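Residues per chain are reported as follows:
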Amino acid sequence: MSPHGNPEVPASAATEINREAPKASPVVETASVPTDSPAPVETKPVETQPTGRTGWGLWEVFVRSSRGLSHVHAGSLHAPDAAMALRNARDLYTRRNEGVSIWVVPADAIAASDPDSKGSFFESPQGKDYRHATYYTKSEGVKHL
Amino acid sequence: MAVQNLQSVPAELSPEELEAAAQRDADGQANFDRVMAEDSRIEPRDWMPADYRKSLLRQISQHAHSEIIGMQPEANWISRAPSLKRKAILMAKVQDEAGHGLYLYSAAETLGQSRDEMMDALIAGKARYSSIFNYPARTWADMGAIGWLVDGAAICNQVPLCRASYGPYGRAMVRVCKEESFHQRQGFEILLELANGTAEQKQMAQDAVNRWYAPALMMFGPPDDDSPNSRESMAWNIKRFSNDELRSRFVGMMVEQVRVLGLTLPDSEIRFNEDTKKWEHGPLDWNEFKEVLAGRGPCNAQRLERRREAHDDGAWVRESAAAYAAKQVNKQKEYAA
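Here the structure is a predicted model, which means the values were calculated and not measured.

1. Quick word on the side chain of B:Arg303
Alright, step 1. Mapped onto the elements, B:Arg303 comes out in helix H12 (residues 300-313).
Alright, step 2. Leaving out residues up to four positions away in the same chain, B:Arg303 has contacts with B:Ile69, B:Gln72, B:Pro73, B:Asn76, B:Tyr129, B:Phe133, B:Asn134, B:Tyr135 and B:Pro136.

2. Focus on the side chain of B:Asn300
Residues and elements named next belong to chain B.
Alright, step 1. Among the secondary structure elements, Asn300 is positioned in helix H12.
Alright, step 2. Given a relative accessible area of 7%, Asn300 falls into the buried group.
Alright, step 3. Looking at Asn300, its side chain comes within polar contact range of the main-chain nitrogen of Gly297, at 2.8 Å.
Alright, step 4. Excluding its chain neighbours within four sequence positions, the residues that come into contact with Asn300 are Tyr129, Asn134, Val292 and Gly295.

3. Points about the packing of aromatic side chains
Alright, step 1. Considering all chains together, one arrives at 12 aromatic pairs over all chains under this definition.
Alright, step 2. Ring centres of B:Phe32 and B:Tyr52 lie 4.9 Å apart, and the angle between their planes is 75°; this geometry places the pair in the edge-to-face category. Highlighted residues: B:Phe32 in helix H1 (residues 15-37) and B:Tyr52 in helix H2 (residues 50-69), separated in sequence by 20 residues. There is no split in this pair, since B:Phe32 and B:Tyr52 are both buried.
Alright, step 3. Measuring from centroid to centroid gives 5.5 Å for B:Tyr52 and B:Trp236, while their planes differ by 90°, and the two rings are edge-to-face. Of this pair, B:Tyr52 sits in helix H2 while B:Trp236 sits in the loop between helix H9 (230-235) and helix H10 (243-261), placing them 184 residues apart in sequence.
Alright, step 4. Taking relative accessible area as the criterion, B:Tyr52 reaches 0% and is therefore assigned buried.
Alright, step 5. Classification of B:Trp236 as buried rests on a relative accessible area of 12%.
Alright, step 6. Among the aromatic residues, ring-to-ring pairing joins A:Tyr130, A:Tyr135, A:Tyr136 and B:Phe182 into one connected group.
Alright, step 7. The cationic tip of B:Arg80 hangs over the ring face of B:Trp77; the distance from NZ or CZ to the ring centre is 3.9 Å.
Alright, step 8. Its guanidinium or amino end placed over the ring of B:Phe241, B:Arg249 lies 4.0 Å from that ring's centre, counting from NZ or CZ.

4. Examining the pairing of strand E4 (residues 101-106) of chain A
Residues and elements named next belong to chain A.
Alright, step 1. Within E4, five of the six residues are buried, which leaves it mostly tucked inside the rest of the structure.
Alright, step 2. The pairing of strand E2 (residues 57-64) with E4 spans six bridges and is classified as antiparallel. Following the sheet pairing, Val63 is matched in E4 by Ile102.

5. What to know about the interface of chain B and chain A
Alright, step 1. Counting residues at the interface gives 35 residues for chain B, matched by 29 residues for chain A.
Alright, step 2. Carbon and sulfur atoms make up 57% of the area that chain B and chain A hide from each other, which totals about 3,000 Å².
Alright, step 3. Of all residues in chain B, the largest losses of buried area upon contact with chain A belong to B:Arg45, B:Arg185 and B:Glu189, amounting jointly to 22% of the total for that side.
Alright, step 4. Remark: the boundary between chain B and chain A carries four salt bridges.
Alright, step 5. Across the contact surface, chain B and chain A share 15 residue pairs in polar contact (both at pLDDT 80 or more).
Alright, step 6. Every element with two or more residues in the side of chain B that touches chain A is listed here: H1, helix H4 (84-109), helix H7 (167-195), H10 and helix H13 (315-336) of chain B.
Alright, step 7. Taken together, the residues of the side of chain B that touches chain A sort by class into 14 nonpolar, 10 polar and 11 charged.

6. Concerning the pattern of salt bridges
Residues and elements named next belong to chain B.
Alright, step 1. In this structure the tally under the stated criterion is 23 salt bridges over all chains.
Alright, step 2. A salt bridge links Arg240 to Asp39; the shortest N-O distance between them is 2.9 Å. One end of the pair, Arg240, is in the loop between H9 and H10; the other, Asp39, is in the loop between H1 and H2, and 201 residues separate them in sequence.
Alright, step 3. By relative accessible area, Arg240 is classed as buried at 17%.
Alright, step 4. The class of Asp39 is partly exposed, set by a relative accessible area of 35%.
Alright, step 5. Asp151 serves as the salt-bridge partner of Lys93, at 2.9 Å between the closest nitrogen and oxygen. Here Lys93, found in helix H4, pairs with Asp151, found in helix H6 (residues 140-161); they are 58 residues apart in sequence, far enough to count as distant.
Alright, step 6. Each of Glu74, Lys93, Glu97 and Asp151 takes part in one network of salt bridges that share partners.

7. Regarding helix H3 (residues 71-78) of chain B
Residues and elements named next belong to chain B.
Alright, step 1. Here H3 lies mainly inside the structure; six of its eight residues are buried.
Alright, step 2. For H3, every residue scored as buried is listed here: Met71, Gln72, Pro73, Glu74, Trp77 and Ile78.
Alright, step 3. At its buried positions, H3 is contacted by H2, H4, H6 and H12.

8. Overview of the confidence of the model for chain A
Regions with low pLDDT should not have their predicted coordinates read in detail.
Alright, step 1. Model confidence for chain A is summarised by a mean pLDDT of 72, while 63% of its residues fall at 70 or above.
Alright, step 2. In this model residues 1-50 of chain A is a low-confidence stretch, pLDDT under 50, and it forms 71 contacts with partners more than four residues away in sequence or in other chains.

9. Some details on the nonpolar core
Across soluble globular proteins, you tend to see nonpolar side chains buried next to one another.
Alright, step 1. Counting 85 residues, the largest nonpolar core has B:Tyr52, B:Ile60, B:Trp148, B:Tyr166, B:Tyr169, B:Phe250 and B:Leu265 as its most contacted members.
Alright, step 2. Sort the elements by how many residues they give to this core and H6(B) lands first, with 12 residues.
Alright, step 3. Those residues in contact with B:Tyr169 that lie beyond four places of it in its chain are B:Leu56, B:Gln59, B:Ile60, B:His63, B:Leu104, B:Ala107, B:Leu161 and B:Ala164.
Alright, step 4. With 11 residues, the next largest nonpolar core counts A:Val61, A:Ala82, A:Ala85 and A:Val104 among its residues.

Definitions and limits used
- Residues numbered from 1 in each chain as written.
- Chains lettered and ligands numbered in written order.
- Predicted model: local features only at pLDDT ≥ 70, side-chain atom pairs only at ≥ 80, totals over all residues.
- Heavy atoms only, no water.
- Helix = DSSP H or I, 4+ residues; strand = E, 2+ residues; numbered from the N terminus.
- Contact = heavy atoms within 4.5 Å.
- Buried < 20%, exposed > 50% of the residue type's maximum accessible area, 1.4 Å probe, protein only.
- Polar contact = N/O pair within 3.5 Å; in protein donor to acceptor, adjacent residues only side chain to side chain.
- Phe/Tyr/Trp six-rings, centres within 6.5 Å; stacked < 30°, edge-to-face > 60°.
- Lys NZ or Arg CZ within 6 Å of the ring centre and 35° of its normal.
- Pairing = 2+ DSSP bridges.
- Buried area = accessible area lost by both parts, 1.4 Å probe.
- Salt bridge = Lys/Arg side-chain N within 4 Å of Asp/Glu carboxyl O.
- Nonpolar A, V, L, I, M, F, W, Y, C, P; charged D, E, K, R; others polar.
- pLDDT = per-residue confidence, 0-100.
- Core = buried A, V, L, I, M, F, W, Y, C linked by side-chain atoms within 4.5 Å.

Structure (structure tokens):
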């Protein structure tokens, strides 16, 4: 078994590629997500791009640059299914050995916070300086603290 | 996260399949050994020895439980904090402990155990957590002593865990350590203020330090010659330093800091050993440690009871959230139809 890196044997094919490609969803369907949610922090699907002539869905690509680090979003691509998405991601985002592991996630499956409600959504930490060590000045200079 | 690469092999495999499974295990072991030798990281989808998985699962879930139970001694004091500022700080700290519990449960889940199973084990009293949280927090000064000594010991323990060989654990610890940095300082400052207050307040601070000192030292675990899991854990690059080594370092730091407080540590045998270049401390009551771990500490029953109560009290929230989500799905289906 070659866990990572062998282009001919996609990493653990059975488990990593067990998801269907996102259905080529017409834009109308995205619009049908109820927008009257009362919550100010309503999550909405990442903009689904038209799947175009090919009917290939959009995939978000996450790359782990080395063992011990987390997967970080690198970008996106179109592909007909998970296996192709992984291979395309390898070709597109790791041509210079940028990664040891790749995740591809159907863009439709990602829920994101609303950029417009950024202010209120992230309001809570404002003014809570006491969550940082620098707030505690009387202990400044005490060794190992 | 999918569980895979478990060594258990179904009985009805053909000889060829068995051979292939054995080959996978051998390749996996070789890869694992190489990662260990390079001091690199194992990630969830990698093959790993069953004992490594088991040992990590034990450690990470116990760590998570400790964070969750650890909210209690301090949450107890939120309503009685002496000022709005102290109340806000204490709430932020208890929130952090909850968050740390959740980071750690997620890390443990990547090893193949569900969160529900872990929660159930804790509530059923089958899971262990740090013995320190079975001691009572009697006065406001205890909030200071817990922050300074208990969080101080925890940080000492946790900083090397940021380099643990299991990727998700190490990454969780990085977040935890970053956030903990204020915990110890706020505790230190509570003690500093009390120590510079009235004679009565100073005495209250000293009492709290006296009560928390030994339990905090025992947080590092049993002495090296009586620590059953340590050797393996160190061979697997999960633990980087032995219990006694970390304990000795911690004592050295406390000796310096207690001077700034103008208080004393309740241990007349603390000394720096010039030969070993290590700090030494007086004897600790390891029987007490074992008793508390076995469930016979001052607050074990109370802590578990409170956890059960909180879990039951939260049932309607979990149920409502699930019902609401199900309703939304139905709505969307109707809409699409």
